[in-house]
Amino acid sequence: PRPAASPRRASPRATDLAEPTVLDCQGLKCPLPVLKARKAMKGLPAGAVLRVLATDPGAVGDFRHFCEVTGNRLLGHTEQDGVLTFEIEKTEERG
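Calculation criteria
Residues numbered from 1 in each chain as written. Predicted model: local features only at pLDDT ≥ 70, side-chain atom pairs only at ≥ 80, totals over all residues. Heavy atoms only, no water. Pairing = 2+ DSSP bridges. Helix = DSSP H or I, 4+ residues; strand = E, 2+ residues; numbered from the N terminus. Axes fitted to C-alpha atoms, helices over the stretch in contact; angles between N-to-C directions. Parallel < 35°, antiparallel > 145°, perpendicular 65-115°, else oblique. Left-handed = near helix turned anticlockwise from the far one by under 90°. Contact = heavy atoms within 4.5 Å. Nonpolar A, V, L, I, M, F, W, Y, C, P; charged D, E, K, R; others polar.

1. Focus on the sheet that holds strand β4 (residues 83-89)
At step 1: Across the sheet, which stays open at both edges, the four strands sit in the order β1-β2-β4-β3 with mixed pairing between neighbours. Only two strands of the sheet have a single neighbouring strand rather than two, namely β1 (21-25) and β3 (73-80). Averaged over neighbouring strand pairs, the angle between their axes works out to 20 degrees when direction is ignored.
At step 2: In this sheet, β4 lies alongside strand β2 (residues 49-54) in antiparallel orientation, the contact comprising six bridges. Bridging across to β4, L53 finds its partner in T85.

2. Some words on the packing of helix α2 (residues 32-42) against helix α3 (residues 59-70)
At step 1: Two elements in contact, α2 and α3, have axes separated by 10 Å at closest approach and are oriented at 40 degrees. Overall, the two elements α2 and α3 adopt an arrangement that is oblique. In the crossing of α2 with α3, the sense of the turn from one axis to the other is right-handed. Between α2 and α3, the residues in contact are P33, V34, A37, R38 and M41 and D62, F63, F66 and T70, respectively.
At step 2: Along the lines of polarity and charge, the residues of the contact of α2 with α3 split into six nonpolar, one polar and two charged.

Next up, the structure:
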């Protein structure tokens with residue numbers, strides 16, 4: 001008899017395979033967190049996630065705008081004990 005076929009699993013997305021790259025921008029004021037994130041994103045492949053830690057309250061609007069302009073995807077943000085955490089997925093480069 002043939003061995004039973006193993007069940008097929010859905011292929012994980014690229015964002016599920018690797019831990020996010022972390023960029024610590026705590027204590028930096030606008031526009032530095034966004035500028036540092038832009039530089040960090042250039043070195044990441046499409047589908048990778050950048051996790052940015054920031055303490056500037058203006059970063060919420062700054063990163064929303066950054067993603068609108070660059071086409072990268074803001075997966076979400078949280079705030080805990082004054083530290084904002086942003087998850088940004090890199091999309092394909094705009095040509």
